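Chain residues, written in single-letter form:
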Amino acid sequence: MAAAAAAAGGGGSGADGGSSGEEDAGGPVGESRYLAACRACGVTPASGLLRCTPGPTLSLRHRGLGPRGAKALALSLMGDTSILTLDLSDNWLQGEGAAAIAEMLKENCYVSAVDLSDNKLGVEGAKAFSAMLLENTTIVSLQLSGNEFDDHAAKYLADAITANSKVEILDLSYNMFGDKAGEILGTAIAENIGLKELKISWNHFHSQGAAALAKGVGANVFLKVLDASYNGFGNSGAAALGEALKANNVLEELNISNNRISVEGALHIAAGLKENKTLKRLNMTRNPMQSEGCRGVLKALQANSGTGIEILDLPDIHVNKELVELCDAVKILFPNLLLRYGGNTKLRRKSQSKAELWTQPKVVGNSQNAVA
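Every value quoted in this text rests on a predicted model; they were computed, and no experiment measured them.

Visitor: Describe in detail the pattern of salt bridges, supporting the description with residues and values.
Guide: Counted according to the given criterion, the structure contains eleven salt bridges. Between Arg 61 and Asp 87 there is a salt bridge; the shortest N-O distance is 3.0 Å. With a gap of 26 residues between them, Arg 61 in the loop between strand 1 (57-59) and helix 4 (66-77) and Asp 87 in strand 2 (residues 85-87) connect regions that are remote in the sequence. Exposure remark for Asp 87: the relative accessible area of 11% places this residue in the buried category. In this structure, Lys 106 engages Glu 103 in a salt bridge whose closest nitrogen and oxygen atoms are separated by 3.0 Å. Of this pair, Lys 106 and Glu 103 both sit in helix 5 (residues 94-107), three residues apart, which is roughly one turn of the helix. On the accessibility criterion, Glu 103 (43% relative accessible area) is partly exposed. One connected set of salt bridges, linked through shared partners, spans Glu 103, Lys 106 and Glu 135.

Rendered as structure tokens:
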């Protein structure tokens, strides 16, 4: 960085960085600015920043910076022109520290990727970052997972999602969003014109909130990847997703694993798959769909000659002969499809060990392309 990369490349003091006194990106001015900011904020300088190699990425993960440390760093980065990626995950920044980083990002027009995961930002942090995103036009990747965002925080984040068209990747996983947040964020997602990848896994989106989110996805014409795993969409949320898949012609990857989707919900998803042409990857593992739900999904693919599905992950269920025959029939129609399921060990290769039989899913397709 010009303001902090110089500090990153220097030693523990300005003298270690050289004695010429020239104020350029490689001189001691960046380090001295950071050290001055630390003195003003009453914090000990981060040794990791002083020792790290200069470059476009500044990673200070797990450093315990705290709010005041964040303020000092923000001051030194205000006019920086070299750092493009900033990773401050797990630093207990809280709302106060987030506000300082957000103010810096209003001025800095070079940082394009920010990771503030696991920092206990809360409502105050959500409010600060929302205000920043209404002004910032350079950030394209923003990771805010694990920050105790709740339904109240969702109101602020929704404003940013609605208005900001530059952020392409947004991670809001591992938070505390509930159904009210689902309704608020769903409306924002429907109106957003920039997001390409959204992660909302490990929250508390249930029937009503999940349905609102799904409706928003159905209306969005930019989003390509959605990870909504480990929520509680249930059958009503799955029904809304099924309708979304009928209307949406952009989404390419959908992860709804571990969402309490039973046979009824799986059949709603299947109805959407019967019409959808663009979805390439679908993960439905760890849902109580049973064989009937899996059959419904596979039959939907059979009936849709224009399906774009390339990878399909189904739950680890007991695989009977009828399901195997249906899988084989689908593979004949779509030879490039990678289909994974599990359950019936008798259908596996005899050379596999007992441990593998219990842990490895059945793979139909090119195993070299299998993904976990």
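Visitor: Before we move on, can you summarise empty space enclosed by the protein with the specific residues and values?
Guide: Here the structure, examined in full by the defined rule, presents one cavity of 30 Å³ or more. Counted as a void, the largest cavity has a volume near 100 Å³. Lining the largest cavity are Leu 133, Leu 142, Leu 157, Ala 160, Ile 161, Asn 164, Val 167, Leu 170, Leu 172, Asn 192 and Leu 195. A total of three residues in the lining of the largest cavity trace back to one element, the largest contributor, which is helix 7 (residues 151-163).

Visitor: Now, about a nonpolar patch on the surface: what can you tell me, with residues and values included?
Guide: Taken together, the side chains of Ile 193, Val 221 and Phe 222 make up a nonpolar region of the molecular surface, amounting to roughly 270 Å² of accessible area. Here Phe 222 lies in the loop between helix 9 (207-219) and strand 7 (225-227).

Visitor: I'd like to hear about the nonpolar core, residue by residue, with values.
Guide: Counting residues in hydrophobic clusters, the biggest one holds 102 residues, and the most contacted among them are Ile 101, Phe 129, Leu 282 and Leu 312. Those residues in contact with Phe 129, other than ones at most four positions away along the chain, are Ala 98, Ile 101, Ala 102, Leu 105, Leu 116, Leu 142 and Leu 144.

Visitor: For the packing of aromatic side chains, give the residues involved together with the corresponding values.
Guide: Counted by the stated rule, this structure contains four aromatic pairs. On the numbers, 6.1 Å between centres and 15° between planes, the contact of Phe 177 with Phe 205 is stacked. Placement of the pair is Phe 177 in the loop between strand 5 (169-171) and helix 8 (179-191) and Phe 205 in the loop between strand 6 (197-199) and helix 9, with a sequence separation of 28 residues. Take Phe 177 and Phe 205: they sit in the same class, and that class is buried. Ring centres of Trp 202 and Tyr 230 lie 4.1 Å apart, and the angle between their planes is 5°; on these two criteria the pair is classed as stacked. Here the residue Trp 202 occupies a position in the loop between strand 6 and helix 9, and Tyr 230 occupies one in the loop between strand 7 and helix 10 (234-247), the gap between them amounting to 28 residues. For Tyr 230, a relative accessible area of 25% puts it in the partly exposed group.

Visitor: So what about the packing of helix 7 against helix 8? Which residues, and what values?
Guide: As a packed pair, helix 7 and helix 8 sit with axes 9 Å apart at the nearest point and diverge in direction by 0°. Considering the angle they form, helix 7 stands roughly parallel to helix 8. Every residue of helix 8 that contacts helix 7 at Asp 151, Ala 154, Lys 155, Ala 158, Ile 161 and Thr 162 is listed here: Asp 179, Lys 180, Ala 181, Ile 184, Leu 185, Ala 188, Ile 189 and Glu 191. For the contact of helix 7 with helix 8, the residue count by class is eight nonpolar, one polar and five charged.

Visitor: A description of the pairing of strand 10 (residues 311-316) should follow, citing residues and the corresponding values.
Guide: Most of strand 10 sits out of view: five of its six residues are buried. As paired strands, strand 9 (residues 281-283) and strand 10 are joined by three bridges and run parallel to one another. Residue pairing in the sheet places Asn 283 in a bridge with Asp 313 of strand 10. As for the winding sense of the linkage, the β-α-β connection from strand 9 through helix 12 (residues 290-303) to strand 10 is right-handed.

Cut-offs applied
- Residues numbered from 1 in each chain as written.
- Predicted model: local features only at pLDDT ≥ 70, side-chain atom pairs only at ≥ 80, totals over all residues.
- Heavy atoms only, no water.
- Salt bridge = Lys/Arg side-chain N within 4 Å of Asp/Glu carboxyl O.
- Helix = DSSP H or I, 4+ residues; strand = E, 2+ residues; numbered from the N terminus.
- Buried < 20%, exposed > 50% of the residue type's maximum accessible area, 1.4 Å probe, protein only.
- 1 Å grid on protein atoms, 1.4 Å probe; cavity = no way out; pocket = protein on both sides within 12 Å on 5 of 7 lines; lining within 4 Å.
- Points joined across faces, edges and corners; volume = space filled by probe spheres on them.
- Patch = residues over 30% accessible without salt bridge, like charges linked within 9 Å, V, L, I, M, F, W, Y side chains within 5 Å.
- Areas by Shrake-Rupley, 256 points an atom, 1.4 Å probe, with all protein chains shown as cover.
- Core = buried A, V, L, I, M, F, W, Y, C linked by side-chain atoms within 4.5 Å.
- Contact = heavy atoms within 4.5 Å.
- Phe/Tyr/Trp six-rings, centres within 6.5 Å; stacked < 30°, edge-to-face > 60°.
- Axes fitted to C-alpha atoms, helices over the stretch in contact; angles between N-to-C directions.
- Parallel < 35°, antiparallel > 145°, perpendicular 65-115°, else oblique.
- Nonpolar A, V, L, I, M, F, W, Y, C, P; charged D, E, K, R; others polar.
- Pairing = 2+ DSSP bridges.
- Right-handed = clockwise from strand over helix to strand, strands pointing away.

None of this, on its own, says anything about what the molecule does.
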